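Next come the chains, spelled out residue by residue.
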Amino acid sequence: MATKPPAGDPVQDAPQVAPPKHAAAGLPAIGYTALVAQQQMGAVRATRTLLKVNQKDGFDCPGCAWPEGDKRHVAEFCENGAKAVAEEATLRRVTPDFFAAHPLSDLADRSGYWLGQQGRITQPMYLPEGADRYEAVTWERAFEIVAEELKALDSPDEALFYTSGRTSNEAAFLLQLFAREFGTNNLPDCSNMCHESSGSALTETIGIGKGSVSLEDLHQADLIIVAGQNPGTNHPRMLSALEEAKRAGAKIISVNPLPEAGMERFKNPQTAKGLALGGQKLNDLFLQIRIGGDQALFRLLNKLIVETEGAVDELFVREHTHGYEEFAAAARAADWDETLAATGLTRAEIEQALSMALASRRTIVCWAMGLTQHKHAVATIREVVNFLLLRGNIGRTGAGVCPVRGHSNVQGDRTMGIFERPAPAFLDALEKEFGFAPPRHHGYDVVRSIEALRDGKAKVFFAMGGNFVGATPDTEVTEAAMRRASLTVHVSTKLNRSHAVTGRRALILPTLGRTDKDVQKSGKQFVTVEDSMGLVHSSRGNLKPASPHLLSEPAIVARLARATLGAGSTVDWEEFEHDYATIRDRIARVVPGFEDFNARVAKPGGFQLPHAPRDERRFPTATGKANFTAAPVEYPTVPEGRLLLQTLRSHDQYNTTIYGLDDRYRGIKGGRRVVLVHPEDARELGFADGAYADLVSEWKDGVERRAPGFRVVYYPTTRGCAAAYYPETNVLVPLDSTADTSNTPASKSVIVRLEQSATV
C-alpha cells in the first residue's frame, strides 16, 4: 500500500535544510507569532483576541493542556498557542460556494495544510449518497439524517461516538450521556492514541490514571526527568516552568533519541534575559537513548538504587507499597550489557543519571508519546513508577508522575465519562441521576472502532471535533474502513482530511470555537476544561461567531439527542441546551470531585480536583497500596539494514493541524516529507544527504505499507533510529501494532527500510 504526496503545497516536495537550532523561542517566536496573527486575524482583532488567551476572564487556549499559574502574564500563550488561536479566530471563511467549487475528489487530493488554511466552515453541509459535492443543509434536516441512520441500526453498538480533546467538559458529558441513553459504550477518543498507556499503568500502580503533580511541584523539584517528550515543539509553555525550576536549583535530565532545541536552551520571549542575554540552559544531562530503550534504562537505575545502601525510602515502601520483593528480585537481575545495547547509552552516562537521582530528595518524571506509543509502553511507565516509589517520590511536594497531555481538555473528556470501558460506579451514578439503565458491556476504542467499520460491525461514525482519519494509524486501512460506513458526521470548525474520506453519506456540522461568544436562551454561556494537572477552570469566548449558522457543541448534542430519542428520553435535553449551568449541576451529582461545581468554577482560576496519592498518600488500587511491578524488560530489535522509525510533529504543527511547512528548530523549511537519519546509517544504506527515499514498513502480516518521496536529511539522531512527521507516515503504522494492555498504536517504533524513490 502506498500513499501519494498530496497536492496543493507549492514546495511540499522540495524542503530546504539547514543545521538544527540549539535554542528555542526568543525573538523569532515573537516575529512568527505576530506574522501569523496578522495574516489570519488582522492587527486589531489579533491584539484583542490574544490578550484573552488563558486569562482568568478569557478563554482556554485550544492548543495544549499545560496549566497556568495563579499569576498570569499579559501574554499567557506560546507561539503554537497563538497559531491555534489565529486559525480559529481567522477571518477566512469556507462557505457553500467553496464546496460547490471543490468536489470531493479535489478535497481528497489536497494536503491537510491546504485544507486547514481555507478558514472557518459557516454552514451545515451534506454529502448525499452518490454525490460528488457537499451541499448546504438546514440544521433540522441534518439532525433528521443522523437520527434516521441511528434508528435504522440493528444495534446501538453499530454506532461510534468519537471525541477530540478540545471538547469542553459540558459537551463531553452530554455526548457520553446521549451515547449511553442510546445504548452503547462505543466512545473512542483521542486518549486511545496518545496517553492511554499512561492511564493504564497509573491506574494499576497508584490507583488514579492521572499525573500527581502541580505546577508548583515542578518549581520545587530537585530533579526533573523529561523522557520521550519535546516541550519546545509540543508544549512550549512548559519551558517557562522548567526555567523557573532551574532558577530554584533543580537539575534536569532529558531522555530522547533526538536532541531538542527547547531542552538545550530556552530564550524566554517574555524576559530580558530570554531576549537579549542568551536565555536559560535547561539540560544538565542529555541521554540520547535508542527508541524504545526507556524501560531498560529505568530498570537498571532501579537495580542500582536497590543495591545502594540507604537509597531506598524503606519507611515509605513498608507503609505505602505492595509487591516490593518481587520487583526488587527482577531489578537485581537487570544486566548492564543488555541495557547498554537496548539504550545505546554509555555506562558513564547511566552512572551520572544515577548520581543525580540519588542526590535528589524530590524527583518528578515527565513524559509524553515517546513513552506511550510502543508495544511495551505500559510496562515502561510502570517502571517509571517503580523508580519514583523507591525513594518515596509520590505524595511528596516537588515530586511525582507528570504525564504531559496534549489537547487542552483531553483529560477532562475522560473525567466526564468519555471512555469505552466505564467504571461500574460511574454507570451507577448515571443511572441514579437520569433514570435509565446505561449499557454495562465494554465498547470500542479507536483501533477496535476502525476494525468494526472495516468488518461491517459499525455503520455510523459521529466525531465531536478532531481529525480521525488524519490521526489514526494504517491510513489506507482506516480510509477504506471509513468509506464502508453508511454515515460519517464531523462536528468541526475547519476543514481537515476526515471531511474528504466519507461514508455513503456525510455531514459537516460547524460549531463554535473557544474564541467565539456563546449566547443561549438563558444568556451568555461559558464552558469548562481540565488541564494536564487536574485544575478545572472556565473558558469564555469574546469574538462574534464566524457565522450566524453555527451551533455550540452542547447545543449540537442536545438537539441530536432530542431528534433521536424523542419523547421517550428521561433527560431534559432542551434545558441543557439553554443553560450550561444545568449541565454542571448534574455533573456535580455524578462525577466525584465536582461537588458544588458551579460555585467553585465561578472563582477566578477555578479549582483543583482531588488526587488521593498526591493529597493523602492514599492509593485506591486493588491492594490499597501503591503497587511495584516486575514486567520483563522489552525493547525493539531491528533487522540489519533496517531503521526504527518514530513519527513526530514538526514545530509548525499541533497534532494533525499543520500551521506551516517549516520546522524551525530542526532546520527544515518549506516541506514535510523528510526523514531524519544519522549520517553513518544513511551512508551505510546508500543514501546521500538530500537523496529521496520511499519509506516501507515491515510487519508480521507481510503487507507492504509505503510512504513515497521523502528527502533524506542527515541528522544527529541515535544510531539505528529515524524520525519523520505524521500524519504523512501514519500509513506505515500497522493497525494491529499496538501497546499491550492499552491498545495504543505503536507509532514510535516502526521498523522501516529505505528504498530509492521512483516518485521524485
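Undergrad: So what's going on with the overall build of the protein chain? Which residues, and what values?
TA: Along the protein chain, the regular secondary structure elements total 32 helices and 33 strands. For a compact globule of 760 residues, the expected C-alpha radius of gyration is about 27 Å, and the protein chain comes in at 25 Å, within 12% of that figure. Summarising its shape, the C-alpha atoms of the protein chain cover approximately 70 × 60 × 55 Å along the three principal directions. Sorting the 760 residues of the protein chain into buried and exposed places 65% on the buried side. For the protein chain, the share of sequence-separated contacts (at least 6 apart) that also reach a separation of at least 24 residues comes to 79%. Of the roughly 25,700 Å² of accessible surface on the protein chain, a fraction of 51% belongs to carbon and sulfur atoms. Averaging the coordinates of the 86 positive side-chain charges in the protein chain and doing the same for the 93 negative ones gives two points 4 Å apart.

Undergrad: Describe in detail empty space enclosed by the protein, supporting the description with residues and values.
TA: For the structure on display, the rule yields five cavities of 30 Å³ or more. Looking at the lining of the largest cavity residue by residue, the class counts come to six nonpolar, five polar and one charged.

Undergrad: Now, about the packing of aromatic side chains: what can you tell me, with residues and values included?
TA: Centre distance and the angle of the planes are the two values used to describe a pair of aromatic rings. Enumeration over the complete set of coordinates arrives at 22 aromatic pairs. Considering the side-chain rings of Phe161 and Phe182, the 6.4 Å spacing of their centres and the 80° angle between planes classify their relative orientation as edge-to-face. Of this pair, Phe161 sits in strand 7 (residues 159-163) while Phe182 sits in helix 8 (residues 169-182), placing them 21 residues apart in sequence. The burial state of Phe161 is the same as that of Phe182; both residues are buried. Arranged with centres 4.9 Å apart and planes meeting at 75°, the rings of Tyr162 and Phe468 form a pair that is edge-to-face.

Undergrad: Just give me the short version of a nonpolar patch on the surface, but keep the residues and values in it.
TA: A contiguous nonpolar surface patch, about 260 Å² in accessible area, is contributed by Leu27, Ile30 and Leu275. With respect to the helices and strands, Leu275 occurs in helix 14 (residues 272-276).

Undergrad: Help me get a handle on unusual backbone geometry, residues and values and all.
TA: In this chain, Tyr726 is followed by Pro727 through a cis amide linkage whose omega measures 10°. Note on placement: Pro727 falls in the loop between strand 32 (721-725) and strand 33 (750-756). For Asp596, which is not glycine, the phi torsion reads 55° and is therefore positive. Positionally, Asp596 belongs in the loop between helix 29 (580-590) and helix 30 (597-601). The backbone phi angle of Arg617 is positive, close to 55°, even though this residue is not glycine. Among the structural elements, Arg617 can be located in the loop between helix 31 (612-616) and strand 24 (626-627).

Undergrad: Can you tell me about the layout of surface pockets, naming the residues and giving the values?
TA: Each pocket or cavity is described by its volume, and for the second largest pocket that value is around 1,200 Å³. In terms of lining, the second largest pocket is formed by 42 residues, of which the most central are Ile208, Gly209, Lys210, Arg414 and Thr415. Only helix 9 (196-205), helix 22 (410-415), helix 23 (424-434) and helix 31 provide two or more residues apiece to the lining of the second largest pocket. Here the residues of the lining of the second largest pocket sort into 16 nonpolar, 16 polar and 10 charged.

Undergrad: An account of the nonpolar core is needed here, citing residue identities and associated values.
TA: If you look at the biggest cluster of nonpolar residues, it comprises 61 residues, and the most contacted ones within it are Phe161, Phe173, Phe178, Phe462 and Trp573. Not counting chain neighbours up to four residues away, the residues in contact with Phe161 comprise Leu150, Leu175, Phe178, Ala179, Phe182, Thr184, Asn186, Leu187, Pro188 and Phe462.

Undergrad: Explain the packing of helix 9 against helix 21 (residues 377-390) residue by residue, including any values.
TA: Interaxial distance between helix 9 and helix 21 falls to 8 Å at its minimum, and their mutual angle equals 45°. One finds that helix 9 runs oblique with respect to helix 21. The way helix 9 lies across helix 21 gives a crossing that is right-handed. Residues Ser197, Ser198, Ser200, Ala201, Leu202, Glu204 and Thr205 of helix 9 lie in contact with helix 21, whose contacting residues are Ala377, Val378, Ile381, Arg382 and Val385. A class-by-class count of the residues in the contact of helix 9 with helix 21 yields six nonpolar, four polar and two charged.

Undergrad: A description of a negative patch on the surface should follow, citing residues and the corresponding values.
TA: A surface patch of like charges, here negative, comprises Asp572, Glu574, Glu575 and Asp585. Secondary-structure assignment places Glu575 in helix 28 (residues 573-578). Overall, Glu575 belongs to the partly exposed group, its relative accessible area being 32%.

Undergrad: Before we move on, can you summarise the sheet that holds strand 21 (residues 527-530) with the specific residues and values?
TA: Spatially, the three strands line up as an open sheet ordered 21-22-23, and their pairing is antiparallel. The open sheet has two edge strands with one neighbour each: strand 21 and strand 23 (607-608). The pairing of strand 22 (residues 535-539) with strand 23 spans two bridges and is antiparallel. Bridge assignment links Leu535 to a residue of strand 23, and that residue is Gln608. Helix-sheet contacts for helix 8 involve strand 21 and strand 22, and the interaxial angle to strand 21 is about 90°.

Undergrad: Would you mind going over helix 26 (residues 475-483) in detail, with residue names and values included?
TA: Within helix 26, burial applies to Thr475, Val477, Thr478, Glu479, Ala481 and Met482. Of the surrounding elements, those touching the buried residues of helix 26 are helix 24 (446-454), strand 16 (460-464), helix 25 (468-471) and strand 17 (487-492).

Undergrad: Describe in detail helix 17 (residues 324-332), supporting the description with residues and values.
TA: For helix 17, the complete set of buried residues consists of Tyr324, Phe327, Ala328 and Ala331. Taken down its axis, helix 17 places every buried residue within 100° of arc, on the same side. With respect to the buried face of helix 17, the exposed residues turned more than 90 degrees away are Glu325 and Glu326. Tucked into the core, helix 17 has its buried residues touching helix 15 (294-306), helix 16 (314-320), strand 13 (321-322) and helix 21.

Undergrad: Please set out the pattern of salt bridges residue by residue, giving values where relevant.
TA: Scanning the entire structure with this criterion turns up 55 salt bridges. Between Glu144 and Arg141 there is a salt bridge whose closest N-O contact spans 3.3 Å. Taken together, the residues Glu144 and Arg141, both in helix 7 (residues 139-151) and three residues apart, mark about one turn of the helix. Given the relative accessible area of 29%, Arg141 is considered partly exposed. In this structure, Glu433 and Arg586 form a salt bridge, with 2.6 Å as the shortest nitrogen-oxygen distance. Remark: Arg586 occurs in helix 29 and Glu433 occurs in helix 23; sequence separation between them is 153 residues. Judged by relative accessible area, Arg586 falls into the buried class, the value being 16%. Each of Arg642, Asp694, Glu698, Glu704, Arg706, Arg753 and Glu755 takes part in salt bridges that share partners, so that together they form one network.

Undergrad: Kindly report on the environment of Lys457, identifying the contributing residues and their values.
TA: Of note, Lys457 is situated in the loop between helix 24 and strand 16. Filtering out sequence-adjacent residues up to four positions away, Lys457 remains in contact with Asp157, Glu158, Tyr444 and Ala452.

Undergrad: Would you mind going over the sheet that holds strand 2 (residues 24-25) in detail, with residue names and values included?
TA: Sheets are built from strands that pair by backbone hydrogen bonding, the pairs being arranged parallel or antiparallel. With mixed pairing, the three strands of this open sheet are ordered in space as 2-10-11. Each end of this open sheet is capped by a strand with a single partner; those strands are strand 2 and strand 11 (280-281). Pairing of strand 10 (residues 265-267) with strand 11 involves two bridges; the strand directions are antiparallel. Bridging from a neighbouring strand, Arg265 pairs with Lys281 of strand 11.

Calculation criteria
- Residues numbered from 1 in each chain as written.
- Predicted model: local features only at pLDDT ≥ 70, side-chain atom pairs only at ≥ 80, totals over all residues.
- Heavy atoms only, no water.
- Helix = DSSP H or I, 4+ residues; strand = E, 2+ residues; numbered from the N terminus.
- Rg over C-alpha atoms; globule rule 2.2 N^0.38 Å.
- Buried < 20%, exposed > 50% of the residue type's maximum accessible area, 1.4 Å probe, protein only.
- Contact = heavy atoms within 4.5 Å.
- Areas by Shrake-Rupley, 256 points an atom, 1.4 Å probe, with all protein chains shown as cover.
- Lys, Arg positive; Asp, Glu negative; His and termini not counted.
- Charge placed at Lys NZ, Arg CZ, Asp CG, Glu CD.
- 1 Å grid on protein atoms, 1.4 Å probe; cavity = no way out; pocket = protein on both sides within 12 Å on 5 of 7 lines; lining within 4 Å.
- Points joined across faces, edges and corners; volume = space filled by probe spheres on them.
- Nonpolar A, V, L, I, M, F, W, Y, C, P; charged D, E, K, R; others polar.
- Phe/Tyr/Trp six-rings, centres within 6.5 Å; stacked < 30°, edge-to-face > 60°.
- Patch = residues over 30% accessible without salt bridge, like charges linked within 9 Å, V, L, I, M, F, W, Y side chains within 5 Å.
- Salt bridge = Lys/Arg side-chain N within 4 Å of Asp/Glu carboxyl O.
- Core = buried A, V, L, I, M, F, W, Y, C linked by side-chain atoms within 4.5 Å.
- Axes fitted to C-alpha atoms, helices over the stretch in contact; angles between N-to-C directions.
- Parallel < 35°, antiparallel > 145°, perpendicular 65-115°, else oblique.
- Left-handed = near helix turned anticlockwise from the far one by under 90°.
- Pairing = 2+ DSSP bridges.
- Arc of directions from axis to C-beta.

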